[in-house]
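# A look at the structure
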Amino acid sequence: SLTGGFWSLYAVQNPGAPVLSIILTATNTALVYWPSPSTGYNLQVNTDLTTTNWIAPAETITDNGTIKFIIVNPPSGKRFYRLQHP
């Protein structure tokens, strides 16, 4: 997890899925990333773990051949991310 003074992001690990990680960047954004390739896995986001409202993130997923990632600007409230295999 990455928790700041005004925002927090969490990686929710699904059993058997590639490891999902989050780091803070030098520009005060967060990098949510996982290994590439990770065929068949889709990144999803939810703001409330008491619901099943997992959706695709609004951010563009980039694949540099080593990792897949999104850059997240400071959100209002919490965001939870997971890799889901359909």
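Here we summarise the structure given alongside this text. Numbering of residues starts from 1 in every chain and runs along the sequence as written. In view of the model being predicted, local features appear only for residues whose pLDDT reaches at least 70, and side-chain atom pairs are presented and counted only at 80 or more, with totals across whole chains, interfaces and linings using the full set of residues. No hydrogens and no water enter the side-chain calculation; it runs on all heavy atoms of the structure.

What follows deals with the overall build of the chain. Scanning the chain for helices and strands turns up zero helices and eight strands. By the criteria applied, helices consist of DSSP H or I runs no shorter than four residues and strands consist of E runs no shorter than two, each listed in order from the N terminus. Listing each helix as α and each strand as β along the chain from the N terminus yields β-β-β-β-β-β-β-β. For the radius of gyration, the atoms used are the C-alpha atoms, and the globule rule reads 2.2 Å times the number of residues raised to 0.38. For the chain, the C-alpha radius of gyration of 12 Å lies close to 12 Å, the compact-globule estimate for 86 residues. Throughout, exposure labels follow a simple rule: accessible area from a 1.4 Å probe, protein chains only, divided by the maximum for the residue type, with under 20% read as buried, over 50% as exposed, and the rest as partly exposed. The burial tally for the chain puts 37% of its 86 residues in the buried class. We call two residues contacting when some pair of their heavy atoms lies within 4.5 Å. Here the analysis covers contacts within the chain between residues at least 6 apart in sequence; of these, 57% occur between residues at least 24 apart. About 5,100 Å² of surface is accessible on the chain, with carbon and sulfur atoms providing 56% of the total. Every accessible area reported is derived by Shrake-Rupley at a probe size of 1.4 Å, with residue values counting cover from the shown protein chains alone.

Look at any regular strand and the pattern is simple: side chains alternate between the two faces of the sheet. Should DSSP find at least two bridges between two strands, the strands are regarded as paired. Where strand 3 (residues 21-24) and strand 4 (residues 30-35) come together, four bridges link them in antiparallel fashion. Counterpart to Ile22 in the pairing with strand 4 is Val32. Linkage of strand 3 to strand 4, two consecutive antiparallel strands, is achieved through a turn of five residues, within which Asn28 is found at a positive phi near 60°.

By definition here, a salt bridge exists when the distance from a side-chain nitrogen of Lys or Arg to a carboxyl oxygen of Asp or Glu is within 4 Å. Overall, the coordinates contain one salt bridge when judged by the stated rule. Ionic pairing is found between Arg79 and Glu59, a salt bridge with its closest N-O pair at 3.2 Å. Here Arg79 is found in strand 8 (residues 77-84), whereas its partner Glu59 is found in the loop between strand 5 (42-46) and strand 6 (62-63), with 20 residues between them in sequence.

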